[in-house]
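Given next are the chains, with one letter for each unit.
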Amino acid sequence: MATLEDAEAARLAHQDRFGAMGAHAIEIQPVREQAGYELIVHFAKTPPDGFPRSVRAGKAATVPVRTKTTRGQ
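Residues numbered from 1 in each chain as written. Predicted model: local features only at pLDDT ≥ 70, side-chain atom pairs only at ≥ 80, totals over all residues. Heavy atoms only, no water.

Participant: In this structure, what is going on with the sheet that holds strand 2 (residues 37-43)? I would like to understand it.
Facilitator: Pairing between the strands of a sheet is mediated by backbone hydrogen bonds and can be parallel or antiparallel. Here four strands make up an open sheet; going across it, the order is 1-2-4-3 and the pairing mixed. Where the open sheet ends on each side, the last strands, each with one partner, are strand 1 (23-30) and strand 3 (54-57). Neighbour-to-neighbour, the strand axes of the sheet open up by a mean angle of 30°, direction not taken into account. Note that strand 2 and strand 4 (residues 61-69) share five bridges and pair parallel. Each bridged residue has a counterpart across the sheet, and for His42 the counterpart in strand 4 is Lys68. (Pairing = 2+ DSSP bridges. Helix = DSSP H or I, 4+ residues; strand = E, 2+ residues; numbered from the N terminus. Axes fitted to C-alpha atoms, helices over the stretch in contact; angles between N-to-C directions.)

Participant: What exactly am I supposed to notice about the pattern of salt bridges here?
Facilitator: Two side chains that carry opposite charge are able to pair once their charged atoms sit near each other. Counted according to the given criterion, the structure contains two salt bridges. Salt-bridge contacts for Glu8 lead to Arg11; the nearest nitrogen and oxygen are separated by 2.5 Å. Pair noted here: Glu8 and Arg11 are both in helix 1 (residues 4-20), with a separation of three residues, about one helical turn. (Salt bridge = Lys/Arg side-chain N within 4 Å of Asp/Glu carboxyl O.)

Participant: Sorry if this is basic, but what is going on with the pairing of strand 3 here?
Facilitator: Consecutive residues of a regular strand have side chains that alternate between opposite faces of the sheet. Taking every second residue as pointing to the same face, the buried face of strand 3 carries Val55 and Ala57, while none of Ser54 and Arg56 on the other face is buried. Between strand 3 and strand 4, which pair antiparallel one after the other, the connecting turn spans three residues, and Gly58 there sits at a positive phi close to 70°. (Buried < 20%, exposed > 50% of the residue type's maximum accessible area, 1.4 Å probe, protein only.)

Below is the structure:
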């Protein structure tokens, strides 16, 4: 599982890419029922097809990614 440091590194490394896809916020949360952290990427509309389910942080760590959509808000 990704450490908090891995998740922060992944957020910084991919924030421009996610922003170009329409993301308006990226948060880091502990993974439910597991040790480790994940990225939660927020969108106002449905994320584009093919949005990654994980990203790399540096050379070794893989960080899970989930999306949340705030339609109608």
